[in-house]
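Structural description and commentary
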Amino acid sequence: AEPWPRYCSADVAKHTTPEQGIWVSYKDGVYDITKFVANHPGGTDKIMLAAGKAIDPFWRIYQQHTGRGNALELLESMRIGDLSDPPQADDRSSCPFSTDPERHPGLIFHNNKPCNAELPAELMLDAWLTPNPVWFIRHHHPVPIMDHDQYRLVVDGVGTKSVTLSLEDLKSRFLKREVVATLQCGGNRRSELDQIEKTSGIPWGFGAMSTAKWGGVYLREVLQHCAGLSHENVEAFEVKHIIFKGLDSMEASIPVQKALSPYGDVLLAYEMNGESLPKEHGAPVRIIVPGVVGVRNVKWVGKITASQEEAQGPWQRGIAYKGFSPNVKELTGIDIEKIPSMQDLPVQSAIVFPKAGSTVELDDIEVKGFAWSGGGRGIVRVDLSLDDGKTWITADLQDGKDQAYNRAWAWTFWEASVPVPDSLKGKDITILCRAVDSAYSSLAAKVRVQVVAERPPCPSMSQRGTQPERPEPLWNLRGLNCNCWHRVSIRHQD
Ligand code: HEM
């Protein structure tokens, strides 16, 4: 192969605008990232910090790039040359993650800087309320450390004067409310989509979700108090979104209807499972938006703004939490602003036991798992099959089955004893499960999809009501909303 053209860091430094081309270096490589910057999953402003420079020190902070994701591969596809004077390994002592809390060794770690870790199957069903130390962690930045006495929450926005509240103000001026809610990362089960074709993002199993009883104050009561805003007068204010800014620089918003609904149960939480909120999960105060994708549940919240516009930034308007049709294969050339940001999550379920790859000996397999749906839709049924959906067995719903209508924010555990037919004894068996939520929709209309060589085009990311059969029509560039029938292959031993 031809050798790469050689450049020095002074050449790279001349390329910092779209007109000149935007170049960066990494180790001994030079890359032209001009077309990529607008579609960087971590935001254009972040990647532009490195324009004309070496990205090495940036990637030492955001180590998900060099972990199991596809950032290195993407970068290599943009290579234009060799760097003649690569940077020397520099001082790492001022690591911004050095003050992150200690973490439970039982978690499954995907990254440490920032920390991204999932709840292991072995601990998932032990308690309906996940113990705080093993709660899944999905951070985008270092954990900000905030002295509770110094903490101030600013509430401002359209037609409102700015109001500042301390933690004590929140506790003393508003009634304490409690909500049991499951949070799920939008990328949960991404690893199943990665098996079809690599997506970009953390390759989560099914453990990027956990459940807690949150204690705090209703957001709608705080907005009423500070801004006089309520679901009855919101039209007059022309407010469409409530924006949350985290002290870690996270920014996200939810539609005002969800924020103000008397049935929305959106919380400013300062307690988690009866303890004051841990640093890891947003101390002193975080947002809990029940039924809505994890990323909107902003931790370490410092500012709440009533706005006509959605939040800015990659996690709301950018590519990070937007769904595409499976035929979108490139990060470039997409009009991202036109695609709505994810809010409610679709119905989900998974088989937690037996674990994939295990051997079972009994003639009745004890199968256990969880089911959950977004938007407060409760789980009405969980079905299991050993023959790819030809015949079904219905599981017994356990903890979580009796939640309020359209306010079923927490997961439902289930179990079933599934008899192994003679034809499968001593063989490899694939168990599958699917849940049906209270919306029921699409179940009646469901047709069995033939397995075809080409991935069929499918405009919708996922279905409400029941889970889609196969992962292929769900595949999307960012690996979001994977909620197909969950399959676990085991071996039966006679
Ligand atoms: C996320 C690629 C430069 C900061 C990502 C992701 C990819 C990527 C593929 C998604 C990863 C995931 O979700 O697991 C690249 C490439 C770069 C680059 C090819 C080449 C120049 C940078 C720089 C910074 C940065 C210079 C910081 C100044 C981030 C952040 C995220 C991210 C904050 C979001 C992480 C999250 O949501 O957890 N990048 N990146 N990136 N990147 Fe980059």
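Residues numbered from 1 in each chain as written. Predicted model: local features only at pLDDT ≥ 70, side-chain atom pairs only at ≥ 80, totals over all residues. Heavy atoms only, no water.

Here we look at the site of the ligand
For the ligand, the set of nearby residues contains 24 residues, the closest of which are His-40, Gln-64, His-65, Arg-138 and His-140. The contact in question runs from an oxygen atom of the ligand to an N or O atom on the side chain of Gln-64, over 3.3 Å. Note that a nitrogen atom of the ligand is positioned 2.7 Å from one of the side-chain N or O atoms of His-65. Elements with a minimum of two residues in the shell around the ligand: α2 (44-48), α3 (56-61) and α4 (71-76). No other element matches α4, which puts 3 residues into the shell around the ligand. (Near = heavy atom within 4 Å. Polar contact = N/O pair within 3.5 Å; in protein donor to acceptor, adjacent residues only side chain to side chain. Helix = DSSP H or I, 4+ residues; strand = E, 2+ residues; numbered from the N terminus.)

Some remarks on the packing of aromatic side chains
Aromatic ring pairs: the centre-centre distance and the angle between the two ring planes describe each pair. Within this structure, the stated rule accounts for 8 aromatic pairs. Measuring from centroid to centroid gives 5.7 Å for Trp-135 and Phe-136, while their planes differ by 20°, and the two rings are stacked. Under the relative-accessibility criterion, Trp-135 is labelled buried at 1%. Among the aromatic residues, ring-to-ring pairing joins Phe-206, Phe-370, Trp-411 and Phe-413 into one connected group. Here Lys-171 stacks its cationic end above the ring of Tyr-270, 5.1 Å away from the centre of that ring. Stacked on the ring of Tyr-218, the Lys or Arg Arg-220 has its end atom at 4.3 Å from the ring centre. (Phe/Tyr/Trp six-rings, centres within 6.5 Å; stacked < 30°, edge-to-face > 60°. Buried < 20%, exposed > 50% of the residue type's maximum accessible area, 1.4 Å probe, protein only. Lys NZ or Arg CZ within 6 Å of the ring centre and 35° of its normal.)

Describing the coordination of the iron atom of the ligand
Protein coordination at the iron atom of the ligand comes from His-40 (NE2) and His-65 (NE2), with a distance range of 1.9 to 2.0 Å. For the iron atom of the ligand, the 6 donor atoms in the first shell make angles of 86 to 179° at the metal, so the coordination geometry reads as octahedral. In this pair, His-40 sits in the loop between β4 (29-32) and α2 while His-65 sits in the loop between α3 and α4, placing the two residues 25 residues apart along the sequence. (Donors = N, O, S within 2.8 Å, 3.2 Å for Na, K, Ca; no water. Tetrahedral: all angles 85-135°; square planar, octahedral: opposite > 155°, others 65-115°.)

Describing the domain arrangement of the protein chain
Looking at the assigned domains, one finds that the protein chain contains domain 1 (6-83), domain 2 (132-325) and domain 3 (348-492). Taken together, the 37 residues of domain 2 in the interface contact 33 residues of domain 3. Where domain 2 abuts domain 3, roughly 2,900 Å² becomes buried across the two surfaces, and 59% of that area is made up of carbon and sulfur atoms. Taken together, the connections running from domain 2 to domain 3 amount to 17 residue pairs in polar contact (both at pLDDT 80 or more). Among the elements that line the side of domain 2 that touches domain 3, the one with the most residues is strand β11 (residues 177-184), at 5 residues. The residue makeup of the side of domain 2 that touches domain 3, split by class, is 15 nonpolar, 14 polar and 8 charged. (Domains from an automatic or database assignment. Contact = heavy atoms within 4.5 Å. Buried area = accessible area lost by both parts, 1.4 Å probe. Nonpolar A, V, L, I, M, F, W, Y, C, P; charged D, E, K, R; others polar.)

Focus: the sheet that holds strand β3 (residues 21-26)
Sheet architecture is open: 5 strands sit in the order β1-β5-β4-β3-β2, paired in mixed fashion. Edge positions in the sheet fall to β1 (6-7) and β2 (16-17), since each of these pairs with one other strand and no more. As judged from the 3 bridges shared by β4 and strand β5 (residues 79-83), these two strands associate in the antiparallel manner. When the bridges of β5 are listed, Gly-29 appears paired with Asp-82. (Pairing = 2+ DSSP bridges.)

Considerations on helix α8 (residues 219-227)
Those residues of α8 that sit buried are Leu-219, Arg-220, Val-222, Leu-223, Cys-226 and Ala-227. When α8 is viewed along its axis, its buried side chains cluster within an angular range of 160° and face the same direction. Gly-228 sits one or two residues past α8 and shows a positive phi near 65°. (Arc of directions from axis to C-beta.)

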